[in-house]
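Okay, here's what each chain looks like letter by letter:
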Amino acid sequence: MKKLILTLVLTAGAIAAQACTNFIATKGATKDGSVLVTYSADDYGLFMGLVNFKAGAHPKGTMREIIDYDTHESHGFIPEAPITYNVMGNINEYQVSIGETTYGGRSEMEDPNGQIDYGSLMYLGLQRSKTAREAIKVMTSLVETYGFNSSGESFTIADPNEVWIMEMMGCGGDKKNKVVWVAVRIPDGMVSGHANQARIGQFSTYDTEVITSKNCISFARSKGWFTGKDKDFSWKQVYDAPDFGGRRFCDARVWSFFNHCKDMSRWLPWAMGEDPNAEDMPLWIQPDKKLDVAMMAECMRDHYEGTPLSTLNDLGQGAWDMPYRPTPLQFDYNGKKYFTERPVSTQQSAFSYVCQLRSWLPREIGGIIWFGNDDCNMAALVPVYCGNTTQPKCFNTPGADAVTFSDENAFWVCNWVANMTYPRYAQLFPSVKAVRDSLENSYFAAQAEIEQKAQSLYDNNKAAALRLLDEYSVKKADQMIARWRQLAYYLIVKYNDMTIKPEKDGKFLRTATGMGERVERPGFSQSARKALVEQTGDRFAMPEKK
């Protein structure tokens, strides 16, 4: 997501997107037959907006510079495609969506001479593909020709009809091999996901389509990493064997998504990461209920609430039940290592989205990226249509970057609100949630009407239909940022100095003489009171009256 011949205003500093999450719902698993895929781009200090690559025709001989997604270093040039398609965020005008999570895997497989990194590969795939299958072909052909410059990656590759997970690794500069990969189609009616741990296992047992590189198994044999029969080959056990961290910090996120869809207690020991003999969690499950955009967003807002992994069970939650935890995940104390939980919803998300892909609508109307510039829990997802060519200003703000605040920029305004909310979560978050949900519900309510208008124009005046959607998304993004600024001001006044100012009908109350009404002082949450008393005993006990 840097400049790939074009300069994109979206990042500052290096990116190492090794803390991401993708959730998947196939069309048979959703209420309306949409394919739904999510992405949380988590990193530390990461600043991002909503990218846009315009569609274009390129004369023969045009070259494309590959600028590394993480380091901004140039990997040289490759030939540009004759035709490229419009891309808005992680969706293109044909409703192809590509997301990723980094799992790393065997470090000796990284190829420093590979030319294409994982981030560049995503956008090359989006610019050059009309279907998920075509994207797989494009992406694998590119890395087989020019080499893969990243560590192990899981890609979500989707279109309105199907979703694939593709996992890929370099071959460490091997002269005969540039890359190994495997792609698995998630069966219709199922949900899946990945979160920085390779997920594809013994794929010969999968009752679905599987495509692999020719050297998928033979390369592992050549290194002595696998000696069994081909049918027994497990991608993840050979190339990224799950350890405690891979299960507790990564697969547990997928477990939490699955747990929203059905009872996953059977696989809790796997997610906990401690039992080496625990039953492996499946690549996909059939949900007990159909999903929609709102439910997918809710799953992205999860902190393991109501499960043994909940972050609301220790003093890390502070005085106001904060479900977030500071990073790094591991820390030392008195010579021993400890860890904190890594839920799906995390403060270092630069952006989150749910992509909605619908086969029964004109392609530029059917595809939406519901986009938020922060942790999904702390942002209202704005509908941006895949045929749009205008980036809303709040998602692409001139002058704003990782070290330059702007109150016109969604990343900074959302983080402004979020960082007020984290330490006093129980106090402030209900107000944030109310605004977030009100905005999203208004977008959901307006969706049918705007799309009907666009469809009525589409056949006779396609340009007018696309302009309508473009203007609509910009309007909704402008509405969101204005409402979020208002929320920031409100929170400062409402909860100043850890008190609560009373209000009625949206206005703060005043006394008869015009002063602010007396504030409420709620004090510690019940859990904080309990923890404090248990830790200090009777130290702060009031003397009993005699």
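Each chain carries its own residue numbering, running from 1 in the written order of its sequence. Only residues with pLDDT of at least 70 are given local features in this predicted model, and only at 80 or more are side-chain atom pairs given and counted; all residues enter the totals for whole chains, interfaces and linings. The side-chain figures draw on all heavy atoms in the structure; neither hydrogens nor water molecules are used.

### Concerning the overall build of the chain
1) Next: Per the secondary structure count, the chain includes twelve helices and 23 strands.
2) Next: Taken against the 2.2 N^0.38 rule, which gives 24 Å for 546 residues, the C-alpha radius of gyration of the chain at 24 Å falls within 12% of a compact globule.
3) Next: For the chain, the spread of C-alpha atoms along the principal axes amounts to about 85 × 60 × 45 Å.
4) Next: Note on exposure labels: buried denotes an accessible area under 20% of the residue type's maximum, exposed denotes more than 50%, and partly exposed covers the range between, all computed with a 1.4 Å probe on protein chains only. The buried share among the 546 residues of the chain stands at 57%.
5) Next: The contact rule is simple, with two residues in contact once any of their heavy atoms fall within 4.5 Å. Long-range contacts, defined here as pairs at least 24 residues apart, represent 70% of the contacts in the chain between residues at least 6 apart.
6) Next: Of note, the chain has its 60 positive side-chain charges centred 2 Å away from the centre of its 65 negative side-chain charges. The numbering of helices and of strands both runs from the N terminus, where a helix is a DSSP run of H or I of at least 4 residues and a strand a run of E of at least 2. Radius of gyration means the value over C-alpha atoms here, while the globule rule gives 2.2 Å times the residue count to the 0.38 power. His is not counted, nor are the chain ends; Lys and Arg add positive charge and Asp and Glu add negative charge. Where a charge lies is defined by one atom per residue type, namely NZ (Lys), CZ (Arg), CG (Asp) and CD (Glu).

### Considerations on the environment of Ser-151
1) Next: Here Ser-151 shows up in the loop between α2 (132-146) and β11 (152-158).
2) Next: Taking the C-alpha atoms as reference, Ser-151 lies 28 Å from Trp-267; in sequence the two are 116 residues apart.
3) Next: Excluding residues that lie within four positions of it along the chain, Ser-151 makes contacts with Thr-102, Gly-104, Glu-110 and Met-168.

### Observations concerning the confidence of the model for the chain
1) Next: For the chain, the mean per-residue pLDDT works out to 94, and 97% of the residues sit at or above 70.
2) Next: For residues 1-17, every residue scores under 50 in pLDDT, and the model assigns this stretch 68 contacts once sequence neighbours within four places are set aside. pLDDT is defined as a per-residue confidence score from the predictor, taking values between 0 and 100.

### Re the packing of aromatic side chains
1) Next: To pair, rings of Phe, Tyr and Trp, with the six-membered ring standing in for Trp, must have centres within 6.5 Å; the planes then decide the type, stacked if under 30 degrees apart, edge-to-face if over 60, and tilted in the middle. The tally for this structure, following the rule as stated, stands at 31 aromatic pairs.
2) Next: Note on Phe-203 and Phe-233: the rings are 6.0 Å apart at their centroids and 65° apart in plane angle, and the pair reads as edge-to-face. Remark: Phe-233 occurs in the loop between α3 (218-222) and α4 (235-239) and Phe-203 occurs in the loop between β14 (191-194) and β15 (210-212); sequence separation between them is 30 residues.
3) Next: On the basis of relative accessibility, which here comes to 11%, the residue Phe-203 falls in the buried class.
4) Next: Residue class for Phe-233 comes out buried when judged on its relative accessible area of 1%.
5) Next: Relative to Phe-339, the ring of Phe-249 lies with its centre 5.7 Å away and its plane at 65°, an arrangement referred to as edge-to-face. In this pair, Phe-249 sits in helix α5 (residues 244-261) while Phe-339 sits in strand β18 (residues 336-339), placing the two residues 90 residues apart along the sequence.
6) Next: Accessibility expressed as a relative area gives 8% for Phe-249, which makes it buried.

### Digging into the side chain of Thr-84
1) Next: Structurally, the position occupied by Thr-84 is in strand β7 (residues 83-84).
2) Next: At 2.9 Å, the side chain of Thr-84 and the side chain of His-58 are in polar contact.
3) Next: What Thr-84 contacts, discounting residues up to four positions off in sequence, is Lys-54, Ala-55, Gly-56, His-58 and Gln-127. Under this definition, polar contacts are N or O atom pairs within 3.5 Å; protein pairs additionally need one hydrogen-donor-capable and one acceptor-capable atom, and for neighbouring residues in sequence, both atoms have to be side-chain atoms.

### Details of the sheet that holds β14
1) Next: Between any two strands, pairing holds if DSSP finds at least two bridges. On the basis of which strands lie adjacent, the open sheet formed by seven strands has the order β16-β14-β1-β2-β19-β20-β21 and antiparallel pairing. On the outer flanks of this sheet lie β16 (284-285) and β21 (382-385), each paired with one strand and no other.
2) Next: Pairing geometry for strand β1 (residues 22-25) and strand β2 (residues 35-42), over two bridges, is antiparallel. For Ala-25, the partnering residue across the bridge sits in β2 and is Leu-36.

### Concerning unusual backbone geometry
1) Next: Cis geometry marks the peptide bond from Thr-327 to Pro-328; its omega dihedral reads 5°.
2) Next: Locating Pro-328 in the fold gives a position in the loop between α7 (293-300) and β17 (330-333).
3) Next: With a phi close to 60°, Asp-497 is a non-glycine residue in the positive phi region.
4) Next: Residue class for Asp-497 comes out exposed when judged on its relative accessible area of 62%.
5) Next: In this structure, Asp-505 is a non-glycine residue whose phi angle is positive, near 55°.
6) Next: Within the element layout of this structure, Asp-505 appears in the loop between β22 (503-504) and β23 (507-508).
7) Next: Using a relative accessible area of 75% as the deciding quantity, one classes Asp-505 as exposed.

### Overview of the environment of Ser-473
1) Next: Along the polypeptide, Ser-473 turns up in helix α11 (residues 462-494).
2) Next: Linking Ser-473 and Pro-392, residues 81 residues apart in sequence, is a C-alpha distance of 7.4 Å.
3) Next: Dropping the residues within four chain positions of it, Ser-473 is found in contact with Val-382, Pro-383, Val-384, Tyr-385, Asn-388 and Pro-392.

### Looking at the pattern of salt bridges
1) Next: Criterion for a salt bridge: a side-chain nitrogen of Lys or Arg within 4 Å of a carboxyl oxygen of Asp or Glu. For the structure on display, the rule yields 27 salt bridges.
2) Next: Of the charged contacts, one joins Asp-292 and Lys-31 as a salt bridge, the two residues approaching to 3.2 Å between their closest N and O atoms. In this pair, Asp-292 sits in the loop between β16 and α7 while Lys-31 sits in the loop between β1 and β2, placing the two residues 261 residues apart along the sequence.
3) Next: A relative accessible area of 55% places Lys-31 in the exposed class.
4) Next: Where Asp-437 meets Lys-433, a salt bridge forms, and the shortest distance between an N and an O atom there is 2.7 Å. Pair noted here: Asp-437 and Lys-433 are both in helix α10 (residues 425-458), with a separation of four residues, about one helical turn.
5) Next: The network of salt bridges with common partners includes Glu-93, Arg-363, Glu-364 and Lys-462.

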